[in-house]
Amino acid sequence: MTAQTVVPVFPCDDLKATLAFYNALGFATLHEQHAPYAYGSVRFEQIQIDFYGSQATAAAEESGHMCLVLSGEIQRLYDTFVGGLKQHLGRRPRSGIPRIGTLNTVSKNLRFNLIDPNGNRLIVIATETHDKPKPKRHTPLSKAISAARLDAYSRDEPTIAAEHLDQALTQLDAEPAATRFRAFVLRADIAAALGDRATLEHYLQAAQVLALAPDDLAETAEERGRLSELLSEAARQRHDEASP
């Protein structure tokens, strides 16, 4: 029996800009047509996306169009996309349109969101489950972390995630160090997505000065890697701002 192929067709406001964006990610252009209407097609390995449209105007908000991409090599895919965007844009776009979210574990699957210049969304999900070490005990802050991670990384709603987490971060006295560390790094990551430099710097500092016991390392492995990434990005941004 002949295999079937499904290709999503996204609306497109500016075909040239759209193709340039996907080329930066590593996609090859299969088709480019500008008359009598705009139509384009790109492909990266087994991922093919087509685009149609006629107006050359920049997208101001998300279109509401989306598709799922299931990947058996999600880390490689994420690194390829982020690397291409950094080379194309000079940075990893965390907020606005276009942008790429953080690769993170949600509901036992690694995933990330990618929003293209037209506001179309690709939700990339690992095909294999990924069990994140559970907290030693559940506390109000650990529950807030779970809710905020869902809002930030699955629903791509960093503002709502910040609201959930900020309320819990006012009561830290009885919270274990590992839970506080996870919350500080998560809040810093959310601040980066929102472009909130003051909050980002505050929680980066809070996470850096917090002492972790050896038996906290497994629970905080993902966050420690995220902290290193955030510190590197913050240092690069400060350098760029200081350069003439």
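In this text the structure is predicted, and so the values were computed from the model without any measurement. (Residues numbered from 1 in each chain as written. Predicted model: local features only at pLDDT ≥ 70, side-chain atom pairs only at ≥ 80, totals over all residues. Heavy atoms only, no water.)

Give me the lowdown on the pairing of strand E2 (residues 28–33), citing residues and values where you can.
Direction of pairing for E2 relative to strand E3 (residues 38–44): antiparallel, over a ladder of five bridges. Residue pairing in the sheet places glutamate 32 in a bridge with glycine 40 of E3. Connecting the antiparallel pair E2 and E3 is a turn made up of four residues. (Pairing = 2+ DSSP bridges. Helix = DSSP H or I, 4+ residues; strand = E, 2+ residues; numbered from the N terminus.)

Which residues make up empty space enclosed by the protein, and what values go with them?
A full pass over the atoms with the stated rule returns one cavity of 30 Å³ or more. The volume enclosed by the largest cavity comes to roughly 70 Å³. As for the largest cavity, its lining consists of Asn104, Ile145, Arg149, Tyr153, Arg182, Val185, Leu186, Asp189, Glu222, Glu223 and Arg226. Elements with a contribution of two residues or more to the lining of the largest cavity: helix H3 (140–154), helix H5 (177–194) and helix H7 (221–242). Across the lining of the largest cavity, the residue classes tally to four nonpolar, one polar and six charged. (1 Å grid on protein atoms, 1.4 Å probe; cavity = no way out; pocket = protein on both sides within 12 Å on 5 of 7 lines; lining within 4 Å. Points joined across faces, edges and corners; volume = space filled by probe spheres on them. Nonpolar A, V, L, I, M, F, W, Y, C, P; charged D, E, K, R; others polar.)

Tell me what's going on with the packing of aromatic side chains, and back it up with residues and numbers.
The geometry of two aromatic rings is summed up by the distance between their centres and the angle between their planes. For the structure shown, the criterion picks out ten aromatic pairs. Residues tyrosine 22 and phenylalanine 27 carry aromatic rings whose centres are separated by 5.2 Å and whose planes lie at 90 degrees to one another, so their mutual orientation is edge-to-face. Accessibility expressed as a relative area gives 0% for tyrosine 22, which makes it buried. Here tyrosine 78 and phenylalanine 112 contribute two aromatic rings whose centre-to-centre distance is 4.9 Å and whose plane-to-plane angle is 65 degrees, an arrangement assigned as edge-to-face. (Phe/Tyr/Trp six-rings, centres within 6.5 Å; stacked < 30°, edge-to-face > 60°. Buried < 20%, exposed > 50% of the residue type's maximum accessible area, 1.4 Å probe, protein only.)

Describe helix H6 (residues 197–209), and please don't skip the residues or the numbers.
Across its 13 residues, H6 extends 19 Å between first and last C-alpha, which sits within 8% of the 18 Å expected from 1.5 Å per residue. The set of residues buried in H6 consists of Thr199, Leu200, Tyr203, Leu204, Ala206 and Ala207. Along the long axis of H6, the arc covered by the buried residues comes to 165 degrees, so they all point the same way. Across H6 from its buried face, at more than 90 degrees, point the exposed residues Ala198 and Val209. Next to the buried residues of H6 lie H5 and H7. (Expected span 1.5 Å × (residues − 1). Arc of directions from axis to C-beta. Contact = heavy atoms within 4.5 Å.)

Describe in detail the pairing of E3, supporting the description with residues and values.
Within E3, five of the seven residues are buried, leaving the element largely enclosed by the surrounding structure. Across seven bridges, the pairing between E3 and strand E4 (residues 47–53) is antiparallel. Counterpart to alanine 38 in the pairing with E4 is glycine 53. If you look at the hairpin formed by E3 and E4, you'll find two residues sitting between the two strands, and glutamate 45 has a positive phi there, around 50 degrees.

Quick one: what's the story with the side chain of aspartate 116, residue by residue and with numbers?
With respect to the secondary-structure elements, aspartate 116 resides in the loop between strand E8 (109–115) and strand E9 (121–129). Buried charge without a partner: aspartate 116 forms no salt bridge, and the closest opposite charge is arginine 99, 9.5 Å away. Side-chain polar atoms of aspartate 116 contact the backbone nitrogen of asparagine 118, separated by 2.8 Å. (Lys, Arg positive; Asp, Glu negative; His and termini not counted. Salt bridge = Lys/Arg side-chain N within 4 Å of Asp/Glu carboxyl O. Polar contact = N/O pair within 3.5 Å; in protein donor to acceptor, adjacent residues only side chain to side chain.)

Can you tell me about the sheet that holds E4, naming the residues and giving the values?
One open sheet accounts for four strands, arranged E1-E4-E3-E2; its pairing is mixed. At either margin of the open sheet sits one strand with a lone partner, and together these are strand E1 (9–11) and E2. Going from strand to strand, the sheet's axes swing by 20 degrees on average, the running direction of each strand aside. Against the sheet, helix H1 (residues 15–25) engages E1, E2, E3 and E4, with an angle of about 175 degrees to E2. (Axes fitted to C-alpha atoms, helices over the stretch in contact; angles between N-to-C directions.)

Outline the confidence of the model for the protein, listing residues and values.
Per-residue confidence for the protein averages 89 on the pLDDT scale, and 93% of its residues sit at or above 70. The spread of mean pLDDT over the elements of the protein runs between strand E7 (residues 104–106), the lowest at 81, and E2, the highest at 97. (pLDDT = per-residue confidence, 0-100.)

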